[in-house]
Amino acid sequence: MKVVRTATEVRAWRARSGRVGFVPTMGALHAGHAALIERAVAECDVAAVSIFVNPTQFGPHDDFRSYPRNEFADLALCERLGAAMVFVPSEDEMYPAGDATRIQPGALALLLEGAARPGHFVGVCTVVAKLFAIVRPEAAYFGQKDFQQLRVVQTMTRDLRFGIRVVGCPTVREPEGLAMSSRNAYLEAEDRRNALALSRALFAAGDLWSGGERDPAVLRDRVKKVVSQPDVALEYVSVADPYTLEELRGPAGQVVISVAARVGKARLIDNVLLGLDVDGVGPG
Ligand code: PAF
């Protein structure tokens, strides 16, 4: 496995590689990332991973400084999973002096996480576009856990004609239901128990859906009721169209239910798709 730190080195590697499957990450890799890397390895000639904690997607009060970093363990995992190349750029490599261009995504990026974290998706789109331009993959793999990010990146990729297949992969969960996230590292034992309220609430809505319930207001209320407990500070519950992320006012055959809450020191997000699989979610 090649570990490279400059765009020039990536381009030299790329010239000798076939169809590249790419997994962009911010490191602190977990089983969710591992599933993305395994899929890239299985579906492409070679798999490339990037590890870069991207400062432009963090707000001034976000956790950029404390975001978990463990390059040594991350590289060992990538090697074990069969990645061919890992790109670990510095901040200067990605944002050299004079860097001034930012990518402004459309309406999708203003809802939910975009409303809670102004500018977040400008940072995500800018760094992902830079990484796509450097790595030039055939396909790129993103987790359903950050469903809005997946949709924003799919839309940007379509609009800017990158010609890259952006593949959504199912959320990987701990046995009790907590969605895998690098930010779970912030949770104390009791926070972990409280954090289960998020997945429990989404599964409860899923059970209603399986029983035939299609009224978005009923689904929304069930999630709110199950997630609301003393040590979970709920930020939002959304029952939305999976393509536009607009709130649903009436029954629909496909929905995404998203939730965001603060638990202990962590801000957590999670979602479920009902009536469709993330695999089938394309640019739309
Ligand atoms: O999902 C992430 O880890 C990041 O938002 C990404 C896509 C690597 C961009 O920095």
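Below or above, wherever it landed, is the structure these notes cover. (Residues numbered from 1 in each chain as written. Predicted model: local features only at pLDDT ≥ 70, side-chain atom pairs only at ≥ 80, totals over all residues. Heavy atoms only, no water.)

## Details of the nonpolar core
- Formed by 40 residues in total, the largest nonpolar core has its most connected members in Phe87, Met94, Val128, Phe132, Phe142 and Phe147.
- The set of elements that each furnish at least two residues to this core consists of helix H1 (7-15), strand S2 (20-25), strand S4 (85-87), helix H6 (120-135), strand S5 (139-143) and helix H7 (147-159).
- With ten residues, the single largest contributor to this core is H6.
- Residue contacts for Phe87: discarding those within four places in its chain leaves Val4, Arg5, Thr6, Ala7, Val10, Val49, Ser50, Ile51, Glu93, Met94, Leu131 and Ile134. (Core = buried A, V, L, I, M, F, W, Y, C linked by side-chain atoms within 4.5 Å. Buried < 20%, exposed > 50% of the residue type's maximum accessible area, 1.4 Å probe, protein only. Helix = DSSP H or I, 4+ residues; strand = E, 2+ residues; numbered from the N terminus. Contact = heavy atoms within 4.5 Å.)

## Considering the packing of H6 against H7
- At a minimum axis distance of 10 Å, the contact between H6 and H7 shows a crossing angle of 55°. As the angle between them shows, H6 and H7 are arranged oblique. For the pair H6 and H7, the sense of crossing is right-handed. Residues Phe121, Val124, Cys125, Val128, Ala129 and Phe132 of H6 pack against Gln148, Gln149, Val152, Val153, Met156 and Thr157 of H7. (Axes fitted to C-alpha atoms, helices over the stretch in contact; angles between N-to-C directions. Parallel < 35°, antiparallel > 145°, perpendicular 65-115°, else oblique. Left-handed = near helix turned anticlockwise from the far one by under 90°.)

## Digging into helix H8 (residues 189-210)
- Compared with the 32 Å implied by 1.5 Å per residue over 22 residues, the 32 Å span of H8 between its first and last C-alpha is a close match.
- Backbone geometry just downstream of H8 places Gly212 in the positive-phi region, at approximately 105°. (Expected span 1.5 Å × (residues − 1).)

## Thoughts on the environment of Leu196
- Mapped onto the secondary structure, Leu196 falls in helix H8.
- We classify Leu196 as buried; its relative accessible area is 10%.
- Considered as a pair, Leu196 and Ser50 are 146 residues apart in the sequence and their alpha carbons are 30 Å apart.
- Once you skip the residues sitting within four places of it in the chain, Leu196 turns out to touch Glu176, Gly177 and Leu178.

## A short note on the sheet that holds S5
- Pairing within the open sheet is parallel, and its six strands lie in the order S1-S4-S3-S2-S5-S6. The open sheet is flanked by strand S1 (2-4) and strand S6 (165-169), the only strands paired with a single partner. Direction aside, the axes of adjacent strands within the sheet are offset by 25° on average.
- As judged from the three bridges shared by S1 and S4, these two strands associate in the parallel manner. Bridging from a neighbouring strand, Lys2 pairs with Met85 of S4.
- On the sheet, H1 packs against S1, S2, strand S3 (46-51) and S4 and is oriented at approximately 160° with respect to S4.
- Sheet strands touched by helix H3 (residues 71-81): S1, S3 and S4. Its angle to S3, the strand with the most contacts, is close to 170°. (Pairing = 2+ DSSP bridges.)

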